[in-house]
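The primary structure of each chain is shown beneath.
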Amino acid sequence: MFDGYDTGVLYADAYVGRLLNQLADLQILEDTAIMISSDHGETLGELNVYGDHQTADEHTSHIPMILKWPGATELNGRQFNAFHYQIDVTATLLELLGVRVPESWDGTGFADQLNEGEDTGRDHLIVSQGAWTCQRGVRWGDYMLIDSLHDGYHLYDDVLLFNLKDDPHETVNLAMSEPEICRTGLAKLADWHQEMMPEAARGKDPLQNVIDEGGPYH
């Protein structure tokens, strides 16, 4: 499985290289904005899921983004680790292009931070999974907390808490041994839920809709 995964990465890398080489041959590489990203990350054994994205955890929700922007001397060649949503990236691209971000968007641009070389973002992120499980997670500090509304028959504990600094592969559930940290994460989830649900489609938590339909049988 890992050999196949590595081969897929190598295959994609080779074609990205061909595209970049062609831009260089056309002498427009330095004037071209390039972004490589994805719609989700991948678990490679974490939570007993191999080569898939079935949980609202760090590895499924942590997506790659490589950005090269013409003339952005403070941005190019640097690594940034602050918390951002994917919808923040779209807003940021508009800002970098000098276009106003629509007020109706939920995304918050961070172009100013990139241009100034500042690695700042959101205090925490709320992530969801509704296809293979019905889970909602919160990522803050060194921690990832996952609340399972329906575990999709994976036999997960109702609440999972991981210290990603000490346990990057999510092997030790700290929910029982760290109750105070667990309460902090659950409070962040509750605050988000209270804020978002009044505007939810069909007036209901979409994950609850999946559960009412019988569960995540994707």
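Caption draft 1: Fine view of helix H1 (residues 2–25). Look at H1: 34 Å from first C-alpha to last across 24 residues, which is about the 34 Å you get at 1.5 Å a residue. Downstream of H1 by one or two residues, Gln27 has phi in the positive range, about 60°.

Caption draft 2: Summary view of the nonpolar core. In terms of nonpolar packing, the biggest core is built from 17 residues, with Ile126, Val138, Trp140, Leu145 and Leu161 touching the most fellow members. Those elements that provide at least two residues to this core are strand S5 (125–129), strand S6 (134–140), strand S7 (143–150) and helix H5 (179–196). Of the residues forming this core, the biggest block, 4 residues, is contributed by H5. If you look at the next biggest cluster of nonpolar residues, it comprises 10 residues, including Leu47, Ala56, Met144 and Ile146.

Caption draft 3: Main features of the confidence of the model for the protein. On average, residues of the protein carry a pLDDT of 93, and 99% of them reach 70 or more. Within the protein, the lowest mean pLDDT, 87, falls on helix H4 (residues 111–115), and the highest, 98, falls on strand S8 (residues 159–163).

Caption draft 4: Spotlight on a negative patch on the surface. Taken together, the side chains of Glu95, Asp112, Glu116 and Glu118 present a region of like negative charge at the surface. Tracing the chain through its elements places Glu95 in helix H3 (residues 86–96).

Caption draft 5: Examining the sheet that holds S5 more closely. On the basis of which strands lie adjacent, the open sheet formed by 4 strands has the order S5-S6-S7-S8 and antiparallel pairing. Two strands close off the open sheet at either side, each with one partner strand: S5 and S8. Ignoring strand direction, the axes of neighbouring strands in this sheet form an average angle of 15°.

Caption draft 6: Seen up close, the side chain of Thr92. Tracing the backbone through its elements, the reader meets Thr92 in helix H3. With a relative accessible area of 3%, Thr92 lands in the buried category. Once residues lying within four places of it in the same chain are set aside, the contact partners of Thr92 are Thr108, Gly109, Phe110, Ala111 and Leu114.

Caption draft 7: The environment of Asp88, seen in detail. By the element assignment, Asp88 lies in helix H3. Given the relative accessible area of 1%, Asp88 is considered buried. When the C-alpha atoms of Asp88 and Gly121 are compared, they prove to be 9.7 Å apart, with 33 residues separating the residues in sequence. Once you skip the residues sitting within four places of it in the chain, Asp88 turns out to touch Asp106, Gly107, Thr108, Gly109, Phe110 and Arg122. A distance of 2.8 Å separates a polar atom in the side chain of Asp88 from a polar atom in the side chain of Arg122.

Caption draft 8: Broad picture of a nonpolar patch on the surface. Together, Met1, Phe2, Tyr5, Val9 and Tyr50 line one region of the surface with nonpolar side chains, adding up to about 510 Å² of accessible area. By residue number, the principal contributor to the nonpolar patch is H1, which donates 3 residues. Tracing the backbone shows Met1 in the segment before H1.

Caption draft 9: Representation of the pattern of salt bridges within the structure. Under the definition given, this model contains 6 salt bridges. Asp88 serves as the salt-bridge partner of Arg122, at 2.8 Å between the closest nitrogen and oxygen. Residue Arg122 is found in the loop between H4 and S5, and its partner Asp88 is found in helix H3; the two are separated by 34 residues along the sequence. When the shortest N-O distance is used, the salt bridge between Arg183 and Glu180 registers 2.7 Å. Linking Arg183 with Glu180, this pair stays in helix H5, spanning 3 residues, or about one helical turn. Looking at Glu180, the relative accessible area reads 52%, which means it is exposed.

What counts as what
- Residues numbered from 1 in each chain as written.
- Predicted model: local features only at pLDDT ≥ 70, side-chain atom pairs only at ≥ 80, totals over all residues.
- Heavy atoms only, no water.
- Helix = DSSP H or I, 4+ residues; strand = E, 2+ residues; numbered from the N terminus.
- Expected span 1.5 Å × (residues − 1).
- Core = buried A, V, L, I, M, F, W, Y, C linked by side-chain atoms within 4.5 Å.
- Buried < 20%, exposed > 50% of the residue type's maximum accessible area, 1.4 Å probe, protein only.
- pLDDT = per-residue confidence, 0-100.
- Patch = residues over 30% accessible without salt bridge, like charges linked within 9 Å, V, L, I, M, F, W, Y side chains within 5 Å.
- Areas by Shrake-Rupley, 256 points an atom, 1.4 Å probe, with all protein chains shown as cover.
- Salt bridge = Lys/Arg side-chain N within 4 Å of Asp/Glu carboxyl O.
- Lys, Arg positive; Asp, Glu negative; His and termini not counted.
- Charge placed at Lys NZ, Arg CZ, Asp CG, Glu CD.
- Pairing = 2+ DSSP bridges.
- Axes fitted to C-alpha atoms, helices over the stretch in contact; angles between N-to-C directions.
- Contact = heavy atoms within 4.5 Å.
- Polar contact = N/O pair within 3.5 Å; in protein donor to acceptor, adjacent residues only side chain to side chain.

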